[in-house]
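An overview of the molecular structure
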Amino acid sequence: MAANMDKGLYEAPMGLDALAADENSIEIEIVDPEEVRIGIDGVEIEIGKDRPSAKDFNANLADFIDENELQLLSSELIGDYEQDLSSRKDWLDTYVKGLKILGIRYEDRTEPWPGACGVFHPLLMESAVKFQSETIMETFPAMGPVKTKIIGKETAEKKDSAIRVADDMNYQLTEEMKEYRPEHERLLLSLALSGNSYKKIYYDPSLGRQTAVYIPAEDIVVPYGAANIESAERVTHRMRKTKNEVKKLQYAGFYRDVDLGEPMRVMDEVEKQKAEDQGFSASMDDRFQLLEMHVSLDLKDYPDVDDDNNETGIALPYVVTIEKGTGTVLAIRRNWKEDDELKQKRQHFVHYGYIPGFGFYYFGLIHLIGGHSKAATSLLRQLIDAGTLSNLPGGLKSRGLRIKGDDTPIAPGEFRDVDVPSGAIRDNILPLPYKEPSQTLAQLMDRVVEEGRRFAAVSDLKVSDMSSQAPVGTTLAILERVLKVMSAVQARIHYTMKQEFKLLAAIIRDYTPDEYSYEPEVGGRKAKKSDYDNVDILPVSDPNAATMSQKVVQYQAVLQLSQTAPEIYDLPYLHRQMIETLGIRNANKIIPVEEELKPVDPVTENMNLMNSRPVKAFYYQDHEAHLQVHMMAMQDPKIMQVVGQNPQAQAIMAAGAAHIMEHVAFQYRKEIEKQLGANLPPMPDAEKDENFLPEAAEIQISQLAAAAAAKLLQKDQAEVQQQQAQQQAQDPVIQMQQMELQLRQQELQIEAQKLQLNAQIQQQKLQLDAQVKMADQQRKEKELQIDAALKADEIELRQTEISNRQQIEAARMGADIQKHKASLSAKQQADGVRMGIDIAKAKESAEFQRNRPQKGK
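Residues numbered from 1 in each chain as written. Predicted model: local features only at pLDDT ≥ 70, side-chain atom pairs only at ≥ 80, totals over all residues. Heavy atoms only, no water.

A word on the packing of helix H6 (residues 180–194) against helix H9 (residues 365–391)
- Put simply, H6 and H9 touch, their axes get as near as 6 Å, and they point 60° apart. Taken together, the axes of H6 and H9 are oblique relative to one another. In this structure, H6 uses Ala 192, Leu 193 and Ser 194 to contact H9, whose residues at the interface are Leu 365, Ile 366 and His 367.
- Looking at side-chain class alone, the contact of H6 with H9 contains 4 nonpolar, 2 polar and no charged residues. (Axes fitted to C-alpha atoms, helices over the stretch in contact; angles between N-to-C directions. Helix = DSSP H or I, 4+ residues; strand = E, 2+ residues; numbered from the N terminus. Parallel < 35°, antiparallel > 145°, perpendicular 65-115°, else oblique. Contact = heavy atoms within 4.5 Å. Nonpolar A, V, L, I, M, F, W, Y, C, P; charged D, E, K, R; others polar.)

This is the structure:
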């Protein structure tokens, strides 16, 4: 545990630009005996050449102070440290004794007999685990532990800055600082047991980011009479470092280059007990024990002076590091900001407390219910031992009685031979009168455990004992009574986390870029430096409620009250808070609230009202135009007819009327500003804790507004009176005569219109008759033309037909002639062929006859 505790603490709060966490990352190159170069992660530091001077703000002043003065300073500071240790001795002794009864290991006992029960009652550890489990879920939800609050007047730019800062801080704590949640969980468990836990916040150049390291209560020593760690005159952080780690810091120039020899082997009681509880064998610690003391000193070589260069004798804040075994001062560094003219002490520690004590140190569960846990452990052991004796009883037997194997207990179902000297066996054996485990003792143990749980505020609420018909107020009162102590502890943790986040935000801001990329890369920064100047960093935990169930019951009580007078509640915002408390994501999409609405045109506002969506008026809108559009929509009969058939018609009309009154109110404000000739101050919002006007300014503005309101009233009254006078200026008789004249003129106009219409009709009839006659004549002419054209076409068709027939006949005759000629030619050819064949046959026959032999030859 101690090794993990010192991780990342190699450097002072001022930081060290050339220090690596890995001891293998140091490269030493010896150039000559007077010069040594050390390379740490690519950064070279020259030792023995061009060493910094005492005027350098970050210089180690111990290099420039005489050794005798350093020894005197070391003796004085170590004496103060020992005195601080003595002042908390009783608190520490109780803490060490409490660690022995945590119940996370089994104790092998030899009394009252070997193998007696060594179990511990888990009351103490159970209470601590419950506290740690509930608190980590409340202070570190999945979305991140940080929320933001806008400083000053709320603007759209500041809203965006608040969102970016919250995203950036939560990203740093959940993704970049991977050790933060495990360290915070260890802190909460230690806080519950010891009552005190600490964190050290600084920038670690070896990691290239900020870090918040958990420090156990035994390693921070503060004077008992200190009010708090911020105002304590002396804060000592006890660190343990190996010989190699100290050498690395000496080579880097952070500590003085002096020979410390070998570390003194010591044994810390708290570490010893923690190791034994976890099942490890404690051994002597062979590391250097360094005391990093944050104190105020009046160094005569570096005194504080006023504007006239006169010494003031005022002690200034320094960080002094001393090796406790040899009393060697390793470093003295200034502990204020270089540009701070007041030279105020820089804060690097935050102190988490459980229950306030009588001095600086808080009380934990070990101090509060350690006695209950010890008593419950004793009673539990007695009950188990009584059951053991009852199940395996012992007794007395006569000396002459011999039992085979009498040194071993008789197993179930086993019979052994017995030599009885005289009388019956029962007369030679007398069992001791062991009793069963006492019910009174068991009830007493239950009572002790119940009292311890109730005092530690970790007792479970018995839901079965509560009526399901009980009002929410009754349930809330019971929860408040059960969780009152835990709520106070949660409020203290909420306050301390706020201080821790402020220290972390200051470091994050210093290393945040000046410009913000609106499309940040994976792992990139999600805010810019100026964003951190507009917001305050707060924990997401609620200091008024310790658990989610308590918050839910509180909101249920408010919801019940809202049903009695819904008009005075912001129901969407109330339901939105309830959904966020239940841990449901995207609550802003489920129920949008007015603060997140954007300005829209009046038509869109009407559409949102009809769809039962929220609407909001903004000061800079044209309210006269909005009112005109809204009033026209309310007077439109078609729209009103459809809206009236909606089951939510009454709610829609009420929302519309409320929205119209918003515009009327803004318009009234603008009219007052016109009469004043100047703008009124911005309207404050009590829910956002915005500053209201000072009393004198409010009175002056009220007087001016009263005069402007009187002028506006006179103006409006004059306009209304003028309208009424215009209406009353007309006499009723004159109005009737004017109406009769208007009617007569209308009648004359109608008669003239009739005559003009008749004349137009007659003229149109004549024009129509002429058009009809002309159309008939044109029709007849067209018919004649058509008949002539038809006759000419018929003649031409007949001539064409005759010509075609003649051509066909001529073609047919030519074809017949050709056919006849072809037939004659073919016949002639066939006759010629036939005649040739006959001649050939005749020649063959004559030749045959000539060559045939004659008879008789």
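Now, onward.
As for the sheet that holds strand E7 (residues 220–221)
- Reading across the sheet, the 5 strands line up as E7-E8-E9-E10-E11 and stay open at both edges, with antiparallel pairing between neighbours. Lying at the two open borders of the sheet, with one neighbouring strand each, are E7 and strand E11 (328–334).
- Note: strand E9 (residues 288–297) against strand E10 (residues 316–323), 8 bridges, orientation antiparallel. Bridging from a neighbouring strand, Leu 290 pairs with Glu 323 of E10.
- In the packing of helix H2 (residues 67–87) onto the sheet, the strands contacted are E7, strand E8 (234–241), E9, E10 and E11, and the crossing angle to E9 comes to about 95°. (Pairing = 2+ DSSP bridges.)

Let's talk about helix H19 (residues 649–676)
- In a regular helix each residue adds 1.5 Å, so 28 residues correspond to 40 Å; H19 covers 41 Å between its end C-alpha atoms and thus fits that length.
- Within H19, the full set of buried residues consists of Ala 649, Ile 652, Gly 656, His 659, Ile 660, His 663, Phe 666, Gln 667, Arg 669, Glu 671, Ile 672 and Glu 673.
- Count one or two residues on from H19 and you reach Gly 677, which has phi positive near 80°. (Expected span 1.5 Å × (residues − 1). Buried < 20%, exposed > 50% of the residue type's maximum accessible area, 1.4 Å probe, protein only.)

As for the pattern of salt bridges
- Inspection of every chain in the model, using the stated rule, returns 27 salt bridges.
- Residues Arg 186 and Glu 183 are paired through a salt bridge, measuring 2.9 Å at the closest nitrogen-oxygen approach. Highlighted residues: Arg 186 and Glu 183, both in helix H6, separated by 3 residues, approximately one helical turn.
- Note that Glu 451 and Arg 454 form a salt bridge whose closest N and O atoms lie 2.4 Å from each other. Taken together, the residues Glu 451 and Arg 454, both in helix H10 (residues 439–455) and 3 residues apart, mark about one turn of the helix.
- Within the structure, one salt-bridge network assembled from shared partners comprises Asp 80, Asp 84 and Arg 234. (Salt bridge = Lys/Arg side-chain N within 4 Å of Asp/Glu carboxyl O.)

Observations regarding the packing of aromatic side chains
- For the coordinates displayed, the defined rule picks out 10 aromatic pairs.
- Ring plane angle 80° and centroid distance 5.1 Å describe the contact between Phe 131 and Tyr 354, whose orientation is recorded as edge-to-face. Of the two residues, Phe 131 sits in helix H4 (residues 123–139) while Tyr 354 sits in the loop between strand E12 (349–353) and H9, which places them 223 residues apart along the sequence.
- Given a relative accessible area of 3%, Tyr 354 falls into the buried group.
- Summarising the aromatic geometry, the rings of Phe 360 and Tyr 361 are spaced 5.2 Å apart at their centres and angled 90° between planes, so their arrangement reads as edge-to-face.
- Since its relative accessible area comes to 3%, Tyr 361 is described here as buried.
- Put simply, the rings of Trp 91, Tyr 95, Phe 360 and Tyr 361 touch in pairs and so form one group of aromatic residues. (Phe/Tyr/Trp six-rings, centres within 6.5 Å; stacked < 30°, edge-to-face > 60°.)

Brief notes about the pairing of E11
- Among the 7 residues that make up E11, 7 are buried, leaving the element largely enclosed by the rest of the structure.
- Relative to E11, E10 runs antiparallel, the two sharing 6 bridges. Opposite Val 320, over in E11, you have Ile 332 as the bridge partner.
- Between E10 and E11, which pair antiparallel one after the other, the connecting turn spans 4 residues, and Gly 327 there sits at a positive phi close to 70°.

Remarks on the nonpolar core
- Counting residues in each nonpolar core, the largest one holds 57 residues, and the members touching the most others are Tyr 180 and Tyr 354.
- A per-element tally of this core places helix H12 (residues 484–510) first, with 9 residues.
- Once you skip the residues sitting within four places of it in the chain, Tyr 180 turns out to touch Phe 140, Leu 173, Lys 199, Ala 212, Met 497, Glu 500, Phe 501 and Leu 504.
- With 36 residues, the next largest nonpolar core counts Ala 62, Leu 70, Ile 220 and Val 295 among its residues. (Core = buried A, V, L, I, M, F, W, Y, C linked by side-chain atoms within 4.5 Å.)

Some words on the pairing of strand E17 (residues 535–539)
- For E17, the tally of buried residues reaches 5 of 5 residues, placing the bulk of the element in the interior.
- Both faces of E17 are covered, namely the face carrying Val 535, Ile 537 and Pro 539 and the face carrying Asp 536 and Leu 538.

Concerning a nonpolar patch on the surface
- A cluster of nonpolar side chains, contributed by Leu 582, Ile 584 and Ile 590, occupies part of the molecular surface with about 260 Å² of accessible area.
- Following the sequence through the fold, Ile 590 ends up in helix H15 (residues 587–590). (Patch = residues over 30% accessible without salt bridge, like charges linked within 9 Å, V, L, I, M, F, W, Y side chains within 5 Å. Areas by Shrake-Rupley, 256 points an atom, 1.4 Å probe, with all protein chains shown as cover.)

Brief notes about the sheet that holds strand E5 (residues 196–204)
- Spatial strand order, E6-E5-E12: 3 strands in an open sheet with antiparallel pairing. What marks the edges here is a single partner per strand, and that holds for strand E6 (209–215) and E12. Pairs of neighbouring strands in the sheet enclose a mean axial angle of 20°, with direction left out of account.
- On top of the sheet, H6 reaches E5, E6 and E12; it is set at about 155° to E5, its chief contact.

Remarks on the confidence of the model for the protein
- Of all residues in the protein, 78% attain a pLDDT of 70 or more, and the chain-wide mean is 78.
- Across residues 1–50, where pLDDT falls below 50, the model places 112 contacts with residues more than four positions away in sequence or in other chains. (pLDDT = per-residue confidence, 0-100.)

As for the side chain of Arg 234
- For Arg 234, the location among the structural elements is in strand E8.
- Of the residues examined, Arg 234 reaches a relative accessible area of 9% and is grouped as buried.
- At a separation of 2.8 Å, a polar atom in the side chain of Arg 234 contacts the side chain of Asp 84.
- Beyond its immediate sequence surroundings of up to four residues, Arg 234 is in contact with Asp 80, Asp 84, Val 221, Val 222, Pro 223, Met 293, His 294 and Val 295. (Polar contact = N/O pair within 3.5 Å; in protein donor to acceptor, adjacent residues only side chain to side chain.)

Focus: empty space enclosed by the protein
- Tallying each qualifying case throughout the model produces 4 cavities of 30 Å³ or more.
- The space that makes up the largest cavity amounts to roughly 170 Å³.
- Within the residue set of the lining of the largest cavity, elements represented by two or more residues are helix H16 (602–610), helix H17 (623–635), helix H18 (637–644) and H19.
- At 4 residues, the largest contribution of residues to the lining of the largest cavity is made by H19.
- A per-class count over the lining of the largest cavity returns 10 nonpolar, 3 polar and no charged.
- Within this model, the second largest cavity holds a volume of roughly 50 Å³.
- Here the lining of the second largest cavity is built from residues that sort into 3 nonpolar, 4 polar and 2 charged. (1 Å grid on protein atoms, 1.4 Å probe; cavity = no way out; pocket = protein on both sides within 12 Å on 5 of 7 lines; lining within 4 Å. Points joined across faces, edges and corners; volume = space filled by probe spheres on them.)

A word on helix H5 (residues 156–176)
- An ideal rise of 1.5 Å per residue puts 30 Å on 21 residues; H5 measures up with 29 Å between its terminal C-alpha atoms.
- Residues of H5 that are buried: Lys 158, Ser 161, Ala 162, Arg 164, Val 165, Ala 166, Asp 168, Met 169, Asn 170, Tyr 171, Gln 172 and Leu 173.

Observations concerning the environment of Tyr 495
- Structurally, Tyr 495 can be placed in helix H12.
- Taking the relative accessible area as the measure of exposure, Tyr 495 reaches 54% and is therefore exposed.
- For Tyr 495 and Pro 539, which are 44 residues apart along the polypeptide, the C-alpha to C-alpha distance reads 8.5 Å.

Description of unusual backbone geometry
- Not every positive phi belongs to a glycine, and Lys 343 is a case in point at roughly 55°.
- The residue Lys 343 is located in the loop between E11 and E12 in this model.
- The class for Lys 343 is partly exposed, based on a relative accessible area of 27%.
- With phi around 60°, Ser 612 is a residue other than glycine that occupies positive phi space.
- Looking at the secondary structure, you find Ser 612 in the loop between H16 and H17.

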